[in-house]
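# Chains, contacts and geometry: an overview
Spelled out from the first residue to the last, the chains are:
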Amino acid sequence: MKAEGAKNLALICKEKQVKLIHISTDYVLDKEKGYLTTDLPNPINQYGMSKLAGENYIKDVLEKYFIIRTSWLYSEFGHNFYRTILNKAQTEKVFYITDEQTGCPTNANNLAKYILNLIASQNTEYGIYHFTDGKAMSWYDFAKKDS
């Protein structure tokens, strides 16, 4: 299972007495019913189950950790929805995007700034945090955005 990587990382962090910052996902929560960040985990797919297993390994092994759950992570680099839509807009006259799926897109640069601020603050309130850019929208609405 892919969660073994998180477990191994947690074990090394414990051995070296290092705090761990782990990026997780909102997929550990029940996206079918909508959710609050205070809801108990209830993943609805294999990806969410694997990420939750990784979170649980970290919580079992370490006392000093930050698990940051985020959603719809995108960047100008790599493979992600943002890049896919840009490519389609440049190469296809017509393409279709669903308006039935909603979430909170999160720019990777903003997540990086959040993590740097978390480190700089010397926060000792370890545990699970949630970070997104905060505005819920459909994939269609996100594709229409100018920025």
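What comes next is a walk through the structure. This one's a predicted model, so the numbers in the text were calculated from it and none came from an experiment. (Residues numbered from 1 in each chain as written. Predicted model: local features only at pLDDT ≥ 70, side-chain atom pairs only at ≥ 80, totals over all residues. Heavy atoms only, no water.)

Let us look at the pairing of strand 2 (residues 65–70). Most of strand 2 sits inside the fold, with 6 of its 6 residues counted as buried. Here strand 2 shows no split at all, with Tyr65, Ile67 and Arg69 on one side and Phe66, Ile68 and Thr70 on the other all buried. As defined by bridge partners, strand 1 (residues 20–25) adjoins strand 2 across 6 bridges and the pair is classed as parallel. Opposite Thr25, over in strand 2, you have Thr70 as the bridge partner. Note that strand 2 and strand 6 (residues 127–130) share 4 bridges and pair parallel. Along strand 6, the bridge assignment pairs Phe66 with Gly127. (Buried < 20%, exposed > 50% of the residue type's maximum accessible area, 1.4 Å probe, protein only. Helix = DSSP H or I, 4+ residues; strand = E, 2+ residues; numbered from the N terminus. Pairing = 2+ DSSP bridges.)

Turning our attention to helix 1 (residues 3–16). With 14 residues, helix 1 extends 20 Å from end C-alpha to end C-alpha; this agrees with the ideal 20 Å at 1.5 Å per step. Every buried residue belonging to helix 1 is among Ala3, Ala6, Ala10 and Cys13, and all of these are buried. Buried positions in helix 1, seen along its axis, are confined to an arc of 80 degrees and lie on one side of it. Within helix 1, the exposed residues directed more than 90 degrees away from the buried face are Glu15 and Lys16. Where helix 1 is buried, its residues meet strand 1 and helix 2 (46–61). Directly after helix 1, the chain includes Gln17, whose backbone phi takes a positive value near 55 degrees. (Expected span 1.5 Å × (residues − 1). Arc of directions from axis to C-beta. Contact = heavy atoms within 4.5 Å.)

Another aspect to go through is the pattern of salt bridges. What the rule picks out here adds up to 2 salt bridges. Across the salt bridge formed by Glu15 and Lys16, the nearest N and O atoms sit 3.9 Å from each other. Glu15 sits in the exposed class, given a relative accessible area of 57%. Since its relative accessible area comes to 55%, Lys16 is described here as exposed. When the shortest N-O distance is used, the salt bridge between Arg69 and Glu55 registers 2.6 Å. Of this pair, Arg69 sits in strand 2 while Glu55 is found in helix 2, placing the two residues 14 residues apart along the sequence. Relative accessible area serves as the criterion here: at 0%, Glu55 is assigned to the buried category. (Salt bridge = Lys/Arg side-chain N within 4 Å of Asp/Glu carboxyl O.)

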